[in-house]
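Summary of the model geometry
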Amino acid sequence: MIKMRKLLIFLYLYLSFFCISAYSAPQDVKYAGFAFVGNFDDIATRFKYTSALNSKKDENGRSVFDRDIQKFIQDNASAMLGINLKISDESQTKIAMALALTRENISVVNVDDVFKVVVNLSCNLTFLNFDGMKVVATYPIYLEYIDVRKEAPDEAYKLELIKRLFFADDFSIMKKLKDRIGSIGLKNDAVLNMKVLNVIVEDEAKANLQEYKNDFGVFESIVAQRFSDALSNKLNVSLLPYAKDYLGGRMSLVFSDARVQDFQIPNASYGIDFTLRKLTKELYKEGIGDDAFLYGAYTTIKFYDPDLGRTYWDQKIKFGAVKNVPKLQKTTDDFAIFDEMTGMVMGEVIKKIQDDKQFYKEVVTRCLNK
Amino acid sequence: MLKQIMMVLIGGLLLSNATVAHAEYKQVKVIGKVETKFIRTATTGQKKLALEDARKKALDKYISELDSQRVRILNNVIDQLRQNLSTYVPEVVALDDGNWNDGYWTIGVQASINEAQIEEIVNTYTKANVKKQGETFLSFVFVAREADSVRKFDGKKTERVADSEAVKTSESEDGASGTSEKVSEKITGGSVEKKADKISYRSYIPEDIGSKVSEVFNKAEFSVVEPFEAQIDPKSFASDFVESDEISDATKKAAVDAAKKAGLNYLAVATLDVGEQIVDQATGMQKVYVRVNGYVWDLNGKFTKKICSVGPVQFSGLGEDPKVAKTNALINAASAAAKDLVDQLRLKQSM
C-alpha cells in the first residue's frame, strides 16, 4: 500500500514536471529577415534612404540590413524569452520573426542661419504566423533624432545618417532593440492585447505643427508609433500595429529579396484613442537677458472596446515645462520643444496609468507580456 | 488504487495537451450577464454563470455572422453545440472585472471559437443524413474561359456640318477708310454609334482545380465520379461557354441523360470567367479576378431539378507572374463555389 502511494506521488511529480516543461518549452521561431511595410511600388519613395542602402549588395549579394541585422539577431537571440530562434535553418515552424521598417522620415528646416535635421524611424519587431498568415505580436521601436547644422545636409550625409541611426553602438534602432531584447517573447495565447486605433490632432495643436501642415497623417502615424513604443517599453504590454497604417487590417511586408507577403492583423482586445488637443506657448516671466516661456501639451487618452461599446479609461492629461529663451535669439525652434512636450506628455500618461491601480489591474495586467 | 493511477495519468495527459500553444481560434467579443437583484456585485457562482452566458452569446454571435446556408445547418445541431459549449467555445477571457447595473452584473469577454470542431460537427451531422440515403454519387464539370483577343471598335461618328458666311462691314463717316470683317458660322451635329468590343475567348478545363473541387465534395462524403465514367463530355460545355455566356440546352440534355444513365445522383456545373491580369497596388504582384457561376442538378426524380446555385461571385488570386495569379484565382473561385454548393446540398439532404 505504501509502495503504491509512493508510486502515485512519483507519477504525480513526474507528470507535473513534464507539464511545466511542456508549457515553458521554447517556441521555435524562424528569422524571416528585414522587411519594409507597405506597397511594393512605394518602397523607393517612402523609404528613400533605407531602400537605397538596402540596394547596395556585398559580394555575397547581401545588403547591410541582411547581414548586420541577422548577425545582431544571431548574437542576441538567446536573451529572448521562451524563443528558440532558427536562423538559416530548415525548421518546420510556422512562426517567424521579422524586423519591419514602418516609417522613415527626414525633414530639414532652415532656422536663421542653421539647418535643423529631424529624423524619425519607426520599426516593429513582428512575429508572424505563416499558417493563417496573421500577425501574432509586435514590439514597436521608435527613434527620433534632431540635429542642428551650419551646412545644408546633402544626400550623402542623409544616407550616412540613416545608416548610423540603424547600426551605431550608442544611439540607434539596434541599440534600442538590444536594450529591450530581454523582455521580448512570444506571448501566451491567453494574454490580451492593445492597439492604437485613432490619433486625433485638434486645430489648436495643428497650429503649432507647421512642419506637418501638408500631411498631418504622417504626424499621426509618428505619434501612434511613439505612443505604442512607450506603452510597450514602459508597461511591457502586448501591442498590435496602429490601425490606420494598415487599411483593411492587412500588413504587406516587402522583404529584402523582393518577396511580398500579406498578413492579417487581428482585432485588438482594447482600442486606444490618442487626442492631442493643443500645444501651447505662453510668456511666463519676462527677464533682463532672457524670457521664460511656458510650453504645454494637452491630451485626452481613451482605452475602450469599440465592439462592446465599453470605455475603460478616459483621461485628460497635460504636461508643461518652462523654457528660457535669450532675448537676442532671433528665432526660437518651437517645433523641437513641442515635439519634446509630446514625448513628455506620453510619459505622464504612462505614469497616470501606473498610478491608477484599478485600471492597471483591470486592463493593463491582462495585456502584460508574460 | 489502479483507478487512482489511471486518473493521475489521464489528468496529466489532459494537462499536457492543454499546454499546446497557438491553436487557431476565431475571436468573438460579447458581454456575459447574470441577474443579481439583491447585491451590487456577483458571487463566485454568479460570475461563473455570467461567463457561461458569455460562451452561449459568443456561439450565437459567431453563427449569426456565417452565411445563411451554414446557419441553417448549424441550427439543426444547435442543442448539441450548446450542450458542449466548452468544446466549441474553449476559451473565455475576461476583458474587465465586471460591472453592476440595474440588477444585473455584466462582464466583457473575448471568447475563442474552435472552428475545426464546428466543421467536424457539421460533417458528422450531414454524414449521418447522407448515410440514410445510401452512397451519393456526384460528378462535376467546371469549365473556364479567358479572353483570347479583343477587337476594339471606335465609335462610328456621323457629323453634320453646315457653313454660313456673312460679311460685316463698317465704314467711317467720311467714307475714306473702313474695316471689313468676315463672320463665319459653323453648325455641327450628328451622332455616334457605339459598337461593343468583340472579344474572342478560349476555353479550357482547368486541371489544377479538379483535385481541389474533388477534395471539397469528398470531404462532404459524396462519391465523386469522373465525367468520363458517366460518358459526360466536358468539352461540349467548354465550347458552348466560348460561344456564348451560357451552356446550350442540347449540351445540358446530353449530360443529364448520360449522368442519369450512369446512376449519378447529382451533377455540379460551374463556369469560371477569367479576367485580365492587373497589378495589385498593395503588393505590386500580379492579380487576376475570376467570376464564377455554378449550380447542381438533382438527377434523382423523374425530372432534373436545379436544387442549388451560386454566383455570380468574384474571387481574386495573387501571384508573382500572371500564370500563378490565374491559377490561384481559379482555385479560390472553384473551391469557394464548391464549398457553397456543398453547404446547400447538405441542407437539402437533411430536410
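Every value quoted in this text rests on a predicted model; they were computed, and no experiment measured them.

Side note on the overall build of chain B
In terms of helices and strands, chain B carries 10 helices and 12 strands. Here chain B holds 351 residues, and the buried ones make up 29% of them. Intrachain contacts of chain B at a sequence separation of at least 6 include 71% that bridge at least 24 residues.

Some points on the overall build of chain A
Looking only at helices and strands, chain A features 10 helices and 12 strands. Counting over 370 residues, chain A shows a buried share of 32%. Across chain A, the fraction of contacts at a sequence separation of at least 24, relative to all contacts at a separation of at least 6, is 72%.

What about the pairing of strand β3 (residues 95-111) of chain A?
Residues and elements named next belong to chain A. Direction of pairing for strand β1 (residues 27-37) relative to β3: parallel, over a ladder of 6 bridges. Pairing of G33 across the sheet is with A98, part of β3. Bridge analysis of β3 against strand β4 (residues 114-129) gives 16 bridges, and the strand direction is antiparallel. The residue of β4 that forms the bridge with N110 is F115. Where β3 hands over to β4, the hairpin turn is made up of 2 residues, of which D112 adopts a positive phi near 50°.

Regarding unusual backbone geometry
In this structure, N236 of chain A is a non-glycine residue whose phi angle is positive, near 55°. Mapped onto the elements of the fold, N236 of chain A is located in the loop between α8 (216-235) and β7 (239-240). If you check the backbone angles, D102 of chain B has positive phi at about 55° while not being a glycine. Tracing the backbone through its elements, the reader meets D102 of chain B in the loop between β3 (99-101) and β4 (104-113). Judged by the 6 C-beta atoms lying within 10 Å of it, D102 of chain B falls in the exposed class.

Digging into the pairing of strand β8 (residues 250-255) of chain A
Residues and elements named next belong to chain A. Note: β1 against β8, 3 bridges, orientation antiparallel. Following the sheet pairing, V37 is matched in β8 by L253. Bridging between β8 and strand β9 (residues 260-264) involves 5 bridges; their strand directions are antiparallel. Within β9, the position partnered with L253 by the bridge is Q261.

A word on the environment of V148 of chain A
Residue and element names in this part refer to chain A. The residue V148 is located in strand β5 (residues 134-149) in this model. Separated by 39 residues in sequence, V148 and V109 have C-alpha atoms that sit 9.4 Å apart. Residues in contact with V148, not counting those within four places in the same chain, are V114 and K116.

Section: the environment of G320 of chain A
All names here are of chain A. Its place among the elements puts G320 in strand β12 (residues 310-326). Taking the number of C-beta atoms within 10 Å as the measure of exposure, G320 has 16 and is therefore partly exposed. The sequence separation of G320 and V345 amounts to 25 residues, and the corresponding C-alpha distance is 8.3 Å.

A word on the nonpolar core
A58 and A111 of chain B are the most contacted members of the largest nonpolar core, which has 105 residues in total. For A58 of chain B, the residues in contact, after removing those within four places along its chain, are V28, V30, V89, A111 and I113 of chain B.

Things to note about the packing of α8 of chain A against helix α9 (residues 334-355) of chain A
Between two packed helices, both the angle of their axes relative to each other and the distance between the axes serve to describe the pair. Residues and elements named next belong to chain A. The N-to-C vectors of α8 and α9 enclose an angle of 40°; their axes lie 10 Å apart at closest approach. If you check the angle between α8 and α9, you find them oblique. Here α8 and α9 pass one another in a crossing that is right-handed. Mapping the contact onto sequence places V223, R226, F227, A230, K234 and L235 in α8 and T342, G343, M346, G347, I350 and I353 in α9. Grouping the amino acids of the contact of α8 with α9 by side-chain chemistry returns 7 nonpolar, 3 polar and 2 charged.

Some points on the confidence of the model for chain A
All names here are of chain A. Considering every residue of chain A, the mean pLDDT works out to 84; 87% of them sit at 70 or more. No element of chain A has a lower mean pLDDT than helix α1 (residues 2-24), which averages 51, and none a higher one than helix α5 (residues 155-167), which averages 95. In the predicted structure, residues 15-23 sits below a pLDDT of 50 and forms 11 contacts with residues beyond four places in sequence or in another chain.

Focus: the environment of F359 of chain A
Residues and elements named next belong to chain A. Mapped onto the elements of the fold, F359 is located in helix α10 (residues 357-367). Remark: the alpha-carbon pair of F359 and W313, spanning 46 residues in sequence, is separated by 7.1 Å. Here F359 is in contact with Y312, W313, I353 and V364, once residues within four sequence places are set aside.

A look at the confidence of the model for chain B
Residues and elements named next belong to chain B. On average, residues of chain B score 77 in pLDDT, and 74% of them are at 70 or above. Ignoring residues within four places in sequence, the model shows residues 5-22, a span with pLDDT below 50, making 22 contacts including any to other chains. This model gives residues 164-183 a pLDDT under 50, and the stretch forms 15 contacts once residues within four places in sequence are excluded.

Things to note about helix α4 (residues 64-76) of chain A
Residue and element names in this part refer to chain A. Between its first and last C-alpha atoms α4 spans 18 Å; for 13 residues at 1.5 Å apiece the expected length is 18 Å, and the two agree. Residues of α4 that are buried: F65, I69 and I73. Seen along its axis, α4 keeps its buried residues to an arc of 40°; they face one direction. Exposed residues on α4 whose side chains face more than 90 degrees from its buried face are K71 and D75.

Details of the packing of helix α3 (residues 48-55) of chain A against α5 of chain A
Residue and element names in this part refer to chain A. Contact pair α3 / α5: the axes reach a minimum separation of 9 Å and the direction vectors enclose 80°. In terms of orientation, α3 lies roughly perpendicular with respect to α5. Across from Y49, T50, A52 and L53 in α3, the residues of α5 making contact are K158, L159, I162 and K163. In terms of residue class, the contact of α3 with α5 is made up of 5 nonpolar, 1 polar and 2 charged.

Criteria and cut-off values
- Residues numbered from 1 in each chain as written.
- Chains lettered and ligands numbered in written order.
- Predicted model: local features only at pLDDT ≥ 70, side-chain atom pairs only at ≥ 80, totals over all residues.
- Helix = DSSP H or I, 4+ residues; strand = E, 2+ residues; numbered from the N terminus.
- Buried ≥ 20, exposed ≤ 12 C-beta atoms within 10 Å, placed from the backbone.
- Contact = placed C-beta atoms within 7 Å.
- Pairing = 2+ DSSP bridges.
- Core = buried A, V, L, I, M, F, W, Y, C linked by C-beta atoms within 7 Å.
- Axes fitted to C-alpha atoms, helices over the stretch in contact; angles between N-to-C directions.
- Parallel < 35°, antiparallel > 145°, perpendicular 65-115°, else oblique.
- Left-handed = near helix turned anticlockwise from the far one by under 90°.
- Nonpolar A, V, L, I, M, F, W, Y, C, P; charged D, E, K, R; others polar.
- pLDDT = per-residue confidence, 0-100.
- Expected span 1.5 Å × (residues − 1).
- Arc of directions from axis to C-beta.

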